[in-house]
Amino acid sequence: MRDVLGRIALSGVYLVVIVVMVFPVYWLVITSLKPANLAQTNPPVFFTPELSLDNYRMLWGDAAIRNNFANSLVVALGATGFSLLFGALAAYALSKSYLRYAIRRGILLWVLLIRIFPPIVVGIPYFTLLHRFALTDTRLGLMLTHVALTLPFVIWLLLGFFQDVPAELEKAAMLDGCSLLRRFGQISLPLVLPGLAVTAIFAFIISWNEYLFAAILTSFNAKTLPVAIATFIGERRLEWGTMSALGSLMLIPPAIFAFLGQQYIVRGLTFGAVKE
Amino acid sequence: MTTRPLAPPGTPAQAARPRRGIDWTAPGRDRDLSWLMLAPAILVLVFTNLLPVWEALQTSFYIYDLSIPNATPVFVGLENYLRLLSDSAFLESFRTTLIFVTVAVTIELILGIVLGLMITGQSPWVGLLRVSLLLSFIMAPVAAGVLWRTLYNVSWGPLNYFIELAGFPRQEFLASTVQALGAVIAVEVWQQVPPVAFVVAAGISGVPSEIYRAAAADGANAWKTFWWITLPLLRPVIFVVLILRTMDAFKVFDIVATLTQGGPASATKLVSYHIWERGLRFLDIGYASAMSWLFLLVVFAISLVFIRALDRARAGTEGGA
């Protein structure tokens, strides 16, 4: 009897936690689907059968928002691509011992320090620097700052994956006369594909959600969705339904990716320090 | 993949393969190629990290106010830094940030350990819990800010509806100078507890099950097992999360930008937000650069202390095991 009661109590605890974590997200989605007259009522409407897609239609009809969406996608995909390319090359070189230990250690430490930097510290100089190179309010400029954000992460994460590749394979290829680049491209890279996929997921989510740099460096042409939703707060204070729709839309790509990469999430979270 | 006979020892690789151009398999080439592979990443990081930080350092020695038309930078040496030390608005934002980081990270660690135990536990709800933890944490912090603004709303927010239902008066939350910081911390915790829980869970599943069996054989109850066995073994993992969470909590900007914009008054003005306001809204770039350098030094110092402690903790567990 006590055992049954205990089990019920425990299930209760689980349920409470699940509700606390999920309810806000549910609220975001349901607010986006409510007709305008039900969005701000007291008592609040927690569910209504008369769901409407009006808010989403409004967003889709807005050319500026469509452009923001395209910007977010291009910048996030571009930043992911570049940081993965440069990061994989660097991580591979750092995972081998052809460079002196002190050099490799120094570079890795520097990369780790970059991870500590509060973004605002580089944000202000980015503003003046991008201006100097005529890159303000361009996708390329923003992409570059996002690469700066994701690259340290990619290097550290992939370093761990490359270190997991058995050294014998490399040695065999070396005896066959493969150069370092070919050993990288034909032996190691195919073996770390899952790691590459997970790293890509993390890089994409970081860039997709990034707000500070985007807010500083873009104003119209290259404006991304996080900036768009923040400007809503300033300019269209009462359109909670539309804002919630935008918030819900922004959640879709990371949700898909995170679901796909679930198993490796811990490794990503700890910068490769903890392997599951 | 080309195969070629192994050159006898002492023979230059070139001789074994007479080809035009550079032989990338020659001895020593591996090192050159390593540098070549590192070059793009290093170049990007120099331009996006060293250069801007250097730029900020230089600017921090100037009075440079872009809000004044045709302003030219005036060199003032350390004056900006000296001014900062007696700038009450800056010091207050520092105090707010320290409170924010300490409280948020402490709660995240405690709840994270509890949740970590829950997702490694035996319950039919574990799968659902895992998915629900994923949701809040992948949400863009700006979007979370918007969302929680609706939850906290004084007149039609669901939170106040429940509070009234429970028989308490409505709370002002974001509109109150007393409650706003706590309200921001709650959002930060809601978003950042999941990563802590996932990492702690990974640590827990890494503990060999024999240890638990031995403890059970010795008659240890669940609480004793947790306190005397699980927790000490988790120490290194917890330290790693502690460091990462602390570093990230200092960076928080986005939530504040959509949730409170630093207000009411300056109750939730974290250093990042304060610097942003000063540098990019009031365009007082020189002074803001000095602020960001001071901020950077403090964050580095704190991280260094933590990393040292981690090294010691690691050495401790390895020695003890």
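What you see is a predicted model; the values in this text were computed from it and never measured.

Draft legend 1. Molecular detail of the overall build of chain A. On a plain count of helices and strands, chain A comes out with 13 helices and zero strands. Of the regular secondary structure in chain A, the N- to C-terminal order runs α-α-α-α-α-α-α-α-α-α-α-α-α. Reported as C-alpha extents along the three principal axes, the dimensions of chain A are approximately 75 × 70 × 30 Å. A total of 276 residues make up chain A; the buried ones form 57% of that total. When the accessible surface of chain A is split by element, carbon and sulfur atoms take 69% of a total near 12,000 Å². For chain A, the separation between the mean place of its 20 positive charges and that of its 13 negative charges on side chains is 8 Å.

Draft legend 2. Expanded view of the pattern of salt bridges. Under the definition given, this model contains 16 salt bridges over all chains. With a closest N to O distance of 3.1 Å, Arg-170 of chain B and Glu-164 of chain B form a salt bridge. A residue is classified by how much of its surface remains accessible, and Glu-164 of chain B, at 40% relative accessible area, is partly exposed. One salt bridge in this structure joins Lys-251 of chain B and Asp-248 of chain B, with 3.4 Å as the shortest N-O distance. Highlighted residues: Lys-251 of chain B and Asp-248 of chain B, both in helix α10 (residues 222-251), separated by three residues, approximately one helical turn. Here Lys-251 of chain B falls in the buried class, since its relative accessible area comes to 19%. Classification of Asp-248 of chain B by relative accessible area gives partly exposed; the value is 21%. Three or more residues joined by partner-sharing salt bridges are found here, namely Arg-115 of chain A together with Glu-108, Glu-188, Arg-245, Asp-248 and Lys-251 of chain B.

Draft legend 3. Layout of the interface of chain A and chain B. Tallying the contact residues gives 95 residues for chain A and 95 residues for chain B. In total, chain A and chain B occlude about 8,700 Å² of area from one another, counting both sides; carbon and sulfur atoms represent 80% of this. Joining chain A to chain B, the criterion identifies three salt bridges. Where Asp-248 of chain B meets Arg-115 of chain A, a salt bridge forms, and the shortest distance between an N and an O atom there is 3.0 Å. Our enumeration of links across chain A and chain B arrives at 11 residue pairs in polar contact (both at pLDDT 80 or more). A total of 14 residues in the side of chain A that touches chain B trace back to one element, the largest contributor, which is helix α1 (residues 2-33) of chain A. Class assignment for the residues of the side of chain A that touches chain B results in 76 nonpolar, 12 polar and seven charged.

Draft legend 4. Quick look at the packing of aromatic side chains. Within this structure, the stated rule accounts for 33 aromatic pairs over all chains. For the ring pair Phe-69 of chain A and Trp-208 of chain A, a centre distance of 6.1 Å and an interplane angle of 90 degrees mean the geometry is edge-to-face. Of this pair, Phe-69 of chain A sits in helix α3 (residues 63-95) while Trp-208 of chain A sits in helix α9 (residues 193-209), and the two are 139 residues apart along the sequence. Of the residues examined, Phe-69 of chain A reaches a relative accessible area of 30% and is grouped as partly exposed. Between the aromatic rings of Phe-253 of chain B and Trp-276 of chain B, the centroid separation amounts to 5.7 Å while the plane-to-plane angle is 70 degrees, which identifies the pairing as edge-to-face. Pair noted here: Phe-253 of chain B is in the loop between α10 and α11 (254-259) and Trp-276 of chain B is in helix α12 (residues 271-281), with a separation of 23 residues, a long-range link. Here Phe-253 of chain B falls in the buried class, since its relative accessible area comes to 3%. Overall, the relative accessible area of 15% leaves Trp-276 of chain B in the buried class.

Draft legend 5. The arrangement of unusual backbone geometry in detail. For the bond from Asn-42 of chain A to Pro-43 of chain A, the omega torsion is 0 degrees, close enough to zero to count as cis. Considering the arrangement of structural elements, one finds Pro-43 of chain A in the loop between α1 and α2 (54-61). Residue Pro-264 of chain B follows Gly-263 of chain B across a cis peptide bond; omega there is -5 degrees. Position of Pro-264 of chain B relative to the elements: it lies in the loop between α11 and α12. Despite not being glycine, Ala-134 of chain A shows a phi value in the positive range, around 55 degrees. Mapping Ala-134 of chain A onto the fold places it in the loop between α5 (119-132) and α6 (139-163).

Draft legend 6. Representation of the packing of α6 of chain A against α9 of chain A in the model. Residues and elements named next belong to chain A. α9 packs onto α6 with a crossing angle of 160 degrees between their chain directions and a minimal axis gap of 10 Å. Of the possible angle classes, the one that applies to α6 and α9 is roughly antiparallel. Note that α6 runs across α9; the crossing there is right-handed. Where α6 abuts α9, its residues His-146, Leu-149, Thr-150, Phe-153, Val-154, Leu-157, Leu-158 and Phe-161 lie against Gly-195, Leu-196, Thr-199, Phe-202, Ala-203, Ile-206 and Ser-207. Class assignment for the residues of the contact of α6 with α9 results in 10 nonpolar, five polar and no charged.

Draft legend 7. Spotlight on the packing of helix α12 (residues 240-260) of chain A against helix α6 (residues 141-152) of chain B. Between α12 of chain A and α6 of chain B, whose axes approach to 10 Å, the crossing angle comes to 140 degrees. In terms of axis orientation, α12 of chain A runs oblique to α6 of chain B. Read as a crossing pair, α12 of chain A and α6 of chain B show a hand that is left-handed. For the pair formed by α12 of chain A and α6 of chain B, the contact residues are Trp-240, Met-243 and Gly-247 of chain A on the first element and Ala-143, Val-146, Arg-149 and Thr-150 of chain B on the second.

Draft legend 8. Examining empty space enclosed by the protein more closely. Taken as a whole, this structure holds four cavities of 30 Å³ or more when the rule is applied. Of the pockets and cavities examined, the largest cavity occupies roughly 1,200 Å³. Lining the largest cavity are 47 residues, with Arg-115 and Ile-206 of chain A together with Gln-192, Asp-248 and Lys-251 of chain B positioned closest to its centre. Here the lining of the largest cavity takes six residues from helix α8 (residues 180-205) of chain B, the largest share from any one element. Of the residues contributing to the lining of the largest cavity, the split by class is 33 nonpolar, seven polar and seven charged.

What counts as what
Residues numbered from 1 in each chain as written. Chains lettered and ligands numbered in written order. Predicted model: local features only at pLDDT ≥ 70, side-chain atom pairs only at ≥ 80, totals over all residues. Heavy atoms only, no water. Helix = DSSP H or I, 4+ residues; strand = E, 2+ residues; numbered from the N terminus. Buried < 20%, exposed > 50% of the residue type's maximum accessible area, 1.4 Å probe, protein only. Areas by Shrake-Rupley, 256 points an atom, 1.4 Å probe, with all protein chains shown as cover. Lys, Arg positive; Asp, Glu negative; His and termini not counted. Charge placed at Lys NZ, Arg CZ, Asp CG, Glu CD. Salt bridge = Lys/Arg side-chain N within 4 Å of Asp/Glu carboxyl O. Contact = heavy atoms within 4.5 Å. Buried area = accessible area lost by both parts, 1.4 Å probe. Polar contact = N/O pair within 3.5 Å; in protein donor to acceptor, adjacent residues only side chain to side chain. Nonpolar A, V, L, I, M, F, W, Y, C, P; charged D, E, K, R; others polar. Phe/Tyr/Trp six-rings, centres within 6.5 Å; stacked < 30°, edge-to-face > 60°. Axes fitted to C-alpha atoms, helices over the stretch in contact; angles between N-to-C directions. Parallel < 35°, antiparallel > 145°, perpendicular 65-115°, else oblique. Left-handed = near helix turned anticlockwise from the far one by under 90°. 1 Å grid on protein atoms, 1.4 Å probe; cavity = no way out; pocket = protein on both sides within 12 Å on 5 of 7 lines; lining within 4 Å. Points joined across faces, edges and corners; volume = space filled by probe spheres on them.

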